[in-house]
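# Analysis of the macromolecular model
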Amino acid sequence: MTFQKNSLRNSGIIIGIIIFVLVFTMVIWTSCPVRHLAILNDLQTFEETLDPEFCEETVYSIDVFNDECEPYIEIVDCG
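### Quick notes on the environment of Asp 51
If you trace the backbone, Asp 51 turns up in the loop between α2 (32-49) and α3 (52-68). When the C-alpha positions of Asp 51 and Cys 78 are compared, they lie 8.7 Å apart, and in sequence the two are 27 residues distant. Within the local environment of Asp 51, its side chain forms a polar contact with the backbone nitrogen of Glu 53, the two atoms lying 3.3 Å apart.

Written out as structure tokens, the structure reads:
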């Protein structure tokens, strides 16, 4: 009986740790500084490729970022 209780307790702790790590990772990944760096990287990629479809996606990302975060990123002209 004691072994089963300890096993269940340990399983609960492990599941709790996994959930905590997943939530923490999601919070970090969706934070404004990380999104800012991702957009800057996308802008650099666009300057190298000049792909109009990629530009449209980047402009959308910038627009969403500007609504939710700072600093303001200037919208790119895809034309």
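Next comes the rest of the description.
### Some details on the confidence of the model for the chain
Across the chain, the average pLDDT comes to 84, with 87% of residues at or above 70. Within the chain, helix α1 (residues 2-29) has the poorest average pLDDT of any element, 75, and α3 the best, 92.

### Digging into α2
For α2, spanning 18 residues, the distance from its first C-alpha to its last is 25 Å, which sits close to the expected 26 Å at 1.5 Å a residue. By the burial criterion, the buried members of α2 are His 36, Ile 39, Leu 43 and Phe 46. The buried residues of α2 occupy one face: seen down the axis, they fall within an arc of 80 degrees. Exposed positions of α2 whose direction lies more than 90 degrees from the buried face are Pro 33, Leu 37 and Glu 48. Downstream of α2 by one or two residues, Leu 50 has phi in the positive range, about 55 degrees.

Cut-off values and rules
- Residues numbered from 1 in each chain as written.
- Predicted model: local features only at pLDDT ≥ 70, side-chain atom pairs only at ≥ 80, totals over all residues.
- Heavy atoms only, no water.
- Helix = DSSP H or I, 4+ residues; strand = E, 2+ residues; numbered from the N terminus.
- Polar contact = N/O pair within 3.5 Å; in protein donor to acceptor, adjacent residues only side chain to side chain.
- pLDDT = per-residue confidence, 0-100.
- Expected span 1.5 Å × (residues − 1).
- Buried < 20%, exposed > 50% of the residue type's maximum accessible area, 1.4 Å probe, protein only.
- Arc of directions from axis to C-beta.

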